[in-house]
Amino acid sequence: MTGPASASPLARLPVDFVGSFPDPAVRLDPVLPELAFVGRSNVGKSSLLNSLVGRPGLARVSGTPGKTTLVNVFRLPTFYLIDLPGYGFARASKSARSGYRALLERFLSTRSTLAGVVWLLDIRHPPSADDRTIQELLVASERPVLAVLTKADKLGRAAQRTRARELAEALGLHDEQIQLTSSTSGAGIADLGASILAAATSEEA
Ligand SMILES: Nc1nc2c(ncn2[C@@H]2O[C@H](COP(=O)(O)OP(=O)(O)OP(=O)(O)O)[C@@H](O)[C@H]2O)c(=O)[nH]1
Ligand SMILES: [Mg+2]
């Protein structure tokens, strides 16, 4: 089932921007469960967060990769959503790459109330070398991961199913472990919102 973005259960909740932080180990007060959005630059992390909460202009979106450079924190009543910078920016230098890796490793290792990671992949592209590296970090962190395919609106129905199967296989996941979404059409947003809510509320912080 697909539905409009407003059908997301998160869209009924109040949301506040807490702040942008350079330090991935920033201490948030109060301590609450956290869900973080991770994925390549331009994959649609900020757009997805906005669709989920039903606030189009909340997190900054841009056609130029590398828009989000800080750890952006949004508070819902009982949990935080965290919009992270993207990785694998095509023109990124070696040092930028290792800097990103260090940021994510520090993030994963210091956030004791991290209830889950929403890991985004563009439905049109096979996993990149950077995606593989990040997958290893995520697996090693032993955090629950929701794998999400973005920009489903760019493909027709049949191609969406084929690509989802191919990506699941490439990543060693079952088809049911991957959710298809489109921030543009609203497809899959309500289901993902429900998964996020479940992950955020099953964690006793
Ligand atoms: N067609 C389509 N375009 C999308 C979708 N989601 C995002 N985009 C576009 O993709 C571009 C990048 O979106 P962002 O949400 O800024 O991506 P991001 O992952 O936050 O990027 P960084 O902050 O640079 O890492 C923008 O031009 C968006 O309008 C989608 O579901 N469908
Ligand atoms: Mg962004």
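Okay, so let's go over this structure. (Residues numbered from 1 in each chain as written. Chains lettered and ligands numbered in written order. Predicted model: local features only at pLDDT ≥ 70, side-chain atom pairs only at ≥ 80, totals over all residues.)

## As for the pairing of strand β2 (residues 34–39)
Across the six residues that make up β2, a large majority, six, are buried. Side chains Glu 34, Ala 36 and Val 38 project from β2 onto one buried face, and the interleaved Leu 35, Phe 37 and Gly 39 project onto a second face that is buried too. Sheet topology note: the β2/strand β4 (residues 79–83) ladder contains four bridges and is parallel. Opposite Glu 34, over in β4, you have Tyr 80 as the bridge partner. Sheet topology places β2 next to strand β5 (residues 114–122); six bridges connect them, and they run parallel. Residue Val 38 lies in a different strand from β5, and its bridge partner there is Trp 119. (Buried ≥ 20, exposed ≤ 12 C-beta atoms within 10 Å, placed from the backbone. Helix = DSSP H or I, 4+ residues; strand = E, 2+ residues; numbered from the N terminus. Pairing = 2+ DSSP bridges.)

## Some thoughts on the sheet that holds strand β6 (residues 145–150)
Taking strand neighbours across the sheet as the criterion, the seven strands line up as β1-β3-β4-β2-β5-β6-β7 in an open arrangement whose pairing is mixed. Both outer strands of the open sheet, β1 (16–21) and β7 (178–180), are each paired with one neighbouring strand and no more. Neighbour-to-neighbour, the strand axes of this sheet turn through a mean angle of 25 degrees, independent of strand direction. Note: β5 against β6, six bridges, orientation parallel. Along β6, the bridge assignment pairs Trp 119 with Ala 147. The strands that helix α5 (residues 189–202) touches are β2, β4, β5, β6 and β7; relative to β5, the one it contacts most, it runs at about 155 degrees. (Axes fitted to C-alpha atoms, helices over the stretch in contact; angles between N-to-C directions. Contact = placed C-beta atoms within 7 Å.)

## A short note on the site of ligand 1
In the vicinity of ligand 1, 24 residues are found, and the nearest of them are Gly 44, Ser 46, Ser 47, Thr 68 and Gly 86. Per element, the largest residue contribution to the shell around ligand 1 is three residues, and it comes from helix α1 (residues 45–53). Considered class by class, the residues forming the shell around ligand 1 number four nonpolar, 15 polar and five charged. (Near = placed C-beta within 6 Å. Nonpolar A, V, L, I, M, F, W, Y, C, P; charged D, E, K, R; others polar.)

## A few points about helix α3 (residues 129–141)
Taking 1.5 Å of rise per residue, 13 residues should cover 18 Å, and α3 covers 19 Å from first to last C-alpha, within 8% of that figure. Backbone geometry just after α3 places Glu 142 at a positive phi near 60 degrees. (Expected span 1.5 Å × (residues − 1).)

## Thoughts on unusual backbone geometry
With an omega of 5 degrees, the peptide bond running from Asp 29 to Pro 30 counts as cis. Relative to the assigned elements, Pro 30 resides in the loop between β1 and β2. Backbone geometry at Asn 42 places phi at a positive 75 degrees, although glycine is not the residue there. Checked against the element boundaries, Asn 42 lands in the loop between β2 and α1. Overall, the presence of 22 C-beta atoms within 10 Å leaves Asn 42 in the buried class.

## Overview of the environment of Leu 10
Here Leu 10 lies in the segment before β1. The class of Leu 10 is buried, set by 25 C-beta atoms lying within 10 Å. Leu 10 sits 42 residues away from Leu 52 along the chain, and the two C-alpha atoms are 6.1 Å apart. Ignoring any residue separated from it by four or fewer positions in sequence, one finds Leu 10 in contact with Leu 52, Val 53, Leu 76, Gly 193, Ile 196 and Leu 197.

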